[in-house]
Amino acid sequence: MLTRIDHIGIACFDLDKTVEFYRATYGFEVFHSEVNEEQGVREAMLKINDTSDGGASYLQLLEPTRPDSTVAKWLDKNGEGVHHIAFGTADVDGEAAGIRDKGVRVLYEEPRRGSMGSRITFLHPKDCHGVLTELVTSAPVESQEH
Ligand code: CMX
Ligand code: CO
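Reading the values: rules and limits
Residues numbered from 1 in each chain as written. Chains lettered and ligands numbered in written order. Predicted model: local features only at pLDDT ≥ 70, side-chain atom pairs only at ≥ 80, totals over all residues. Heavy atoms only, no water. UniProt positions renumbered as here; feature names shortened; annotations may be inferred. Helix = DSSP H or I, 4+ residues; strand = E, 2+ residues; numbered from the N terminus. Pairing = 2+ DSSP bridges. Contact = heavy atoms within 4.5 Å. Axes fitted to C-alpha atoms, helices over the stretch in contact; angles between N-to-C directions. Near = heavy atom within 4 Å. Polar contact = N/O pair within 3.5 Å; in protein donor to acceptor, adjacent residues only side chain to side chain. Areas by Shrake-Rupley, 256 points an atom, 1.4 Å probe, with all protein chains shown as cover. Buried < 20%, exposed > 50% of the residue type's maximum accessible area, 1.4 Å probe, protein only. Arc of directions from axis to C-beta.

Caption draft 1: Region of interest: the UniProt feature "domain: VOC" (unreviewed entry) in the chain. Per the UniProt annotation, the sites labelled "domain: VOC" (unreviewed entry) are residues 4–138. For the annotated span residues 4–138, helix accounts for 23% and strand for 41% of the residues, and the straight-line distance between the end C-alpha atoms is 12 Å.

Structure representation (structure tokens):
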């Protein structure tokens, strides 16, 4: 079951300036930041609210770390904006398998590492009415990396 919006991924040219915009305009603070070299991003997670499944919803601000990364490519084409949406689930493996069986392309054979030690995979935007869609299982709270 998909039980929350885990995050909305927003691509930006300058992470520090974008973080400052969200802080100054809305009062959202950085909950966590990291570099994910595999994904080619420097990111900041801004926690917006807790959710009824014991998880939380975030904004994920993304700045590319290298010109050949998926986010750099997307920014070249589209400029800044909403890049993807992520649904949270307790079972990313099972959800990905079930969705693959429905004929939607799941981009990774096995989930990979996402923010704060989570496990993530992506669904192809061309199979999802133009929306790049991520599935996330958070790390258990006691082992989450901040
Ligand atoms: N949202 C909607 N459509 C998108 C898209 C996005 N984010 N990214 C690409 N597309 C569309 C393109 O517009 C293009 O459509 P047209 O053919 O009609 O022009 C098509 O998909 C192919 O796009 P592309 O620019 O040629 O890009 P690629 O096929 O090389 O890559 C994708 C697309 C989805 C496979 C790649 O972005 C990917 O692997 N994404 C998953 C990983 C990722 O996004 N990581 C960064 C975030 C990390 C995190 O969330 O932690
Ligand atoms: Co994401």
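Caption draft 2: Structural detail: the sheet that holds strand β6 (residues 112–113). Taken in spatial order, the eight strands line up as β2-β3-β4-β1-β5-β8-β7-β6 in an open sheet, and their pairing is mixed. Only two strands of the sheet have a single partner each, and these edge strands are β2 (30–36) and β6. For strand β7 (residues 119–123) and strand β8 (residues 133–137), the ladder comprises five bridges, and the chain directions are antiparallel. In the strand pairing of β8, threonine 121 is matched with leucine 135. Most of the contacts of helix α3 (residues 92–101) go to β8, to which it runs at about 150 degrees, and overall it touches β1 (2–11), β5 (81–89), β7 and β8.

Caption draft 3: Just the site of ligand 1, in detail. As a matter of local geometry, ligand 1 sits amid 18 residues, with Gln39, Lys73, Lys77, His83 and Lys126 nearest to it. Within the side chain of lysine 73, one N or O atom sits 2.6 Å away from an oxygen atom of ligand 1. A distance of 3.0 Å separates a nitrogen atom of ligand 1 from a polar atom in the backbone of histidine 83. Protein contact buries 70% of the 980 Å² of open area that ligand 1 shows by itself.

Caption draft 4: Highlighting helix α2 (residues 70–78). What α2 keeps buried is the set Val71, Ala72 and Leu75. All buried residues of α2 project into a common sector of 100 degrees when viewed along the axis, lining one side. Those residues of α2 that are exposed and aimed more than 90 degrees away from the buried face are Thr70, Lys73, Asp76 and Lys77. Buried residues along α2 sit against β1, β3 (41–50), β4 (56–64) and β5. Downstream of α2 by one or two residues, glycine 79 has phi in the positive range, about 75 degrees.

Caption draft 5: Main features of the environment of arginine 113. Following the sequence through the fold, arginine 113 ends up in strand β6. In this structure the C-alpha to C-alpha distance between arginine 113 and threonine 65, which are 48 residues apart in sequence, comes to 17 Å.

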